[in-house]
Amino acid sequence: MEQRDFFYGVNFEFSSQTPPFARTRFAMEIRPIIGMRSAEYEFIVNPIVDVGFGRFGETHFAPAARVARKFGQDLYAGFEYYSDWGKIGDFKAFPEQEHTLFAVTDFKIGVVDVNFGVGYGLTPVSDRWVIKAILGYAFPAPSSNANASDRAVAGPVNPMTRAFVRTLQP
C-alpha cells in the first residue's frame with residue numbers, strides 16, 4: 001500500500017440529537033481533513049463547520065488539530081485539540097468559547113483500533129475533564145488479486161472524530 005506524506009479529504013456526519021444535548025433536532029458536521037505524516041510524526045487539522053437545522057439552527061466554527069509521534073507499528077501518542085468558537089460571523093469572546101486539550105494514544109488490541117484520550121478544558125465554559133475513547137474495526141475488503149488469501153484493510157480510525165467523546169463531570 002502506498003504511503004502518502006500529505007493527505008486530505010472531507011467527512012460529512014448527519015445526526016439526530018435530543019434536546020438536552022442540542023438546541024436543534026437535526027444537524028450536520030462538515031469536517032475537512034488536512035494532514036501531513038512522516039515516518040515518526042503526524043499533524044492533522046480539521047477546520048470543522050457544524051450546521052444545526054430548524055428554527056434554532058446555527059452554523060458554528062469548531063476547529064480541531066492533532067499532533068502525534070509514532071512509537072511503533074500501531075502505537076502513537078500525542079495531543080489533540082478541540083474547540084467551538086461559536087456562530088460563524090459572531091464568534092464569542094475567548095473565555096466564552098470551548099477549548100479542550102487532550103493527551104491521546106492510539107494502539108491496537110487484536111484487530112480493534114483504539115484511540116483513547118484524557119482532556120482538560122482550557123476556558124471557563126469548557127467541560128473541566130473529558131475522557132474519550134474510539135474503537136474501530138476495519139472490515140476486510142477483497143484484494144485486487146482474486147486468488148490471494150490475504151485481504152487488504154482500510155486505514156486506521158480517524159482519531160479526530162468527535163462521535164464518541166464522553167464527558168466526565170467532577
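Everything numeric in this text was worked out from a predicted model, so none of it was measured. (Residues numbered from 1 in each chain as written. Predicted model: local features only at pLDDT ≥ 70, side-chain atom pairs only at ≥ 80, totals over all residues. Heavy atoms only, no water.)

S.K.: Would you mind going over the environment of Ile 48 with me for this structure?
M.R.: Among the structural elements, Ile 48 can be located in the loop between β3 (41-46) and β4 (49-52). Between the C-alpha atoms of Ile 48 and Val 10, which are 38 residues apart in sequence, the distance is 9.7 Å. (Helix = DSSP H or I, 4+ residues; strand = E, 2+ residues; numbered from the N terminus.)

S.K.: What am I meant to see in the environment of Tyr 81 here?
M.R.: For Tyr 81, the location among the structural elements is in strand β7 (residues 75-84). Separated by 38 residues in the primary sequence, Tyr 81 and Gly 119 place their C-alpha atoms 8.7 Å from one another. The contacts of Tyr 81, once residues within four sequence positions are left out, are Pro 63, Ala 64, Ala 65, His 99, Thr 100 and Leu 101. Separated by 2.5 Å, the side chains of Tyr 81 and His 99 make a polar contact. (Contact = heavy atoms within 4.5 Å. Polar contact = N/O pair within 3.5 Å; in protein donor to acceptor, adjacent residues only side chain to side chain.)

S.K.: Help me understand the side chain of Glu 42 in this model?
M.R.: One can find Glu 42 in strand β3. A distance of 3.1 Å separates polar atoms of two side chains, one belonging to Glu 42 and the other to Arg 37.

S.K.: Help me understand the pairing of strand β11 (residues 129-137) in this model?
M.R.: One face of the sheet, then the other: side chains in a regular strand alternate in exactly this way. Only one face of β11 is buried: it carries Val 130, Lys 132, Ile 134 and Gly 136, and the other face, with Trp 129, Ile 131, Ala 133, Leu 135 and Tyr 137, is open. Pairing analysis gives nine bridges linking strand β10 (residues 112-121) to β11, with the strands arranged antiparallel. Along β11, the bridge assignment pairs Val 112 with Tyr 137. (Buried < 20%, exposed > 50% of the residue type's maximum accessible area, 1.4 Å probe, protein only. Pairing = 2+ DSSP bridges.)

S.K.: What is the right way to look at the packing of aromatic side chains in this model?
M.R.: By convention here, two paired aromatic rings are described through the distance between centres and the angle between planes. Per the stated rule, a full pass over the model turns up seven aromatic pairs. When the centroid spacing of 4.9 Å and the interplanar angle of 65 degrees are considered together, the rings of Tyr 120 and Trp 129 count as edge-to-face. According to the relative accessible area criterion, Tyr 120 is partly exposed, its value standing at 35%. The class of Trp 129 is partly exposed, set by a relative accessible area of 42%. An aromatic cluster of three or more residues is present, and its members are Phe 61, Trp 85 and Phe 91. (Phe/Tyr/Trp six-rings, centres within 6.5 Å; stacked < 30°, edge-to-face > 60°.)

S.K.: Can you help me understand the environment of Phe 116 in this one?
M.R.: Within the fold, Phe 116 resides in strand β10. The class for Phe 116 is partly exposed, based on a relative accessible area of 34%. Note: C-alpha distance between Phe 116 and Lys 132 (16 residues apart in sequence) is 5.7 Å. If sequence neighbours within four positions are ignored, Phe 116 has contacts with Ala 103, Val 104, Thr 105, Ile 131, Lys 132 and Ala 133.

S.K.: Just to check I follow, could you spell out the confidence of the model for the protein for this structure?
M.R.: Interpretation of this model should avoid reading the predicted coordinates in detail wherever pLDDT is low. Mean pLDDT over the protein stands at 86; residues scoring 70 or higher make up 82%. Overall, residues 146-156 carries pLDDT values under 50, and its contacts beyond four positions in sequence, including any with other chains, amount to 14 contacts. Confidence drops under pLDDT 50 across residues 162-170; counting only partners more than four residues distant or on other chains, this segment forms 23 contacts. (pLDDT = per-residue confidence, 0-100.)

S.K.: Just to check I follow, could you spell out the pattern of salt bridges for this structure?
M.R.: Opposite charge on two side chains allows them to pair when their charged atoms are near. Tallied over the entire structure, the rule returns eight salt bridges. Measuring nitrogen to oxygen at the nearest pair gives 3.1 Å for the salt bridge that ties Glu 42 to Arg 37. The exposure class of Glu 42 is buried, given its relative accessible area of 6%. Among the charged side chains, a salt-bridge network with shared partners connects Arg 37, Glu 42, Arg 66, Glu 80, Asp 106 and Lys 132. (Salt bridge = Lys/Arg side-chain N within 4 Å of Asp/Glu carboxyl O.)

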